[in-house]
Amino acid sequence: MQIVFTREVADQLAEKYTLLQLDTINVNGYGAVETFCVLEPEAVVMEMASLAENSKLHKQLIEAIAMDDCASATGLCTRLKGCFGGELDSFYDIVIERIATTNTTKLQKT
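Residues numbered from 1 in each chain as written. Predicted model: local features only at pLDDT ≥ 70, side-chain atom pairs only at ≥ 80, totals over all residues. Heavy atoms only, no water.

1. Section: the packing of helix H4 (residues 70–80) against helix H5 (residues 89–102)
Thought 1: As a packed pair, H4 and H5 sit with axes 9 Å apart at the nearest point and diverge in direction by 150°. Here H5 runs roughly antiparallel to H4, going by the angle between their axes. Here H4 and H5 pass one another in a crossing that is left-handed. Residues Cys70, Ala73, Thr74, Cys77, Thr78 and Leu80 of H4 form the contact with H5, whose participating residues are Asp89, Tyr92, Val95, Ile96 and Ile99.
Thought 2: Partitioning the contact of H4 with H5 into residue classes produces eight nonpolar, two polar and one charged. (Axes fitted to C-alpha atoms, helices over the stretch in contact; angles between N-to-C directions. Helix = DSSP H or I, 4+ residues; strand = E, 2+ residues; numbered from the N terminus. Parallel < 35°, antiparallel > 145°, perpendicular 65-115°, else oblique. Left-handed = near helix turned anticlockwise from the far one by under 90°. Contact = heavy atoms within 4.5 Å. Nonpolar A, V, L, I, M, F, W, Y, C, P; charged D, E, K, R; others polar.)

Rendered as structure tokens:
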């Protein structure tokens, strides 16, 4: 999986590729940095019929993470595992583990 930092670069790549937002990371000296993954066409070719629906669910997950809604985030991660050719399964596992160990969806408690 390729990771893109900043929305500006993601917006440029979105013209040719499917991108999904991941975490927003607070970086000292830079503030909040949004991260995105680039889905290679080969990873999703067999899922074209469900790509829009799965992308919508992934967006709901990112919103649940932003709202620190642990129950919704866990459910959505479980539902999305195996989607997108499995490319994001490690991300979903990390979010589930983060919630289980810290009781928050946030990458770092603020």
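2. Structural notes on the nonpolar core
Most often, soluble globular proteins keep nonpolar side chains buried together rather than apart.
Thought 1: Among the nonpolar cores identified, the biggest contains 24 residues, and Leu61, Phe84, Leu88, Phe91 and Tyr92 are the most heavily contacted of them.
Thought 2: Among the secondary structure elements, those contributing two or more residues to this core are strand E2 (18–27), strand E3 (31–39), helix H2 (41–44), helix H3 (51–66), H4 and H5.
Thought 3: Residue contributions to this core peak at six residues, all from H3.
Thought 4: For Leu88, the residues in contact, after removing those within four places along its chain, are Met1, Leu20, Leu22, Cys37, Leu39 and His58. (Core = buried A, V, L, I, M, F, W, Y, C linked by side-chain atoms within 4.5 Å. Buried < 20%, exposed > 50% of the residue type's maximum accessible area, 1.4 Å probe, protein only.)

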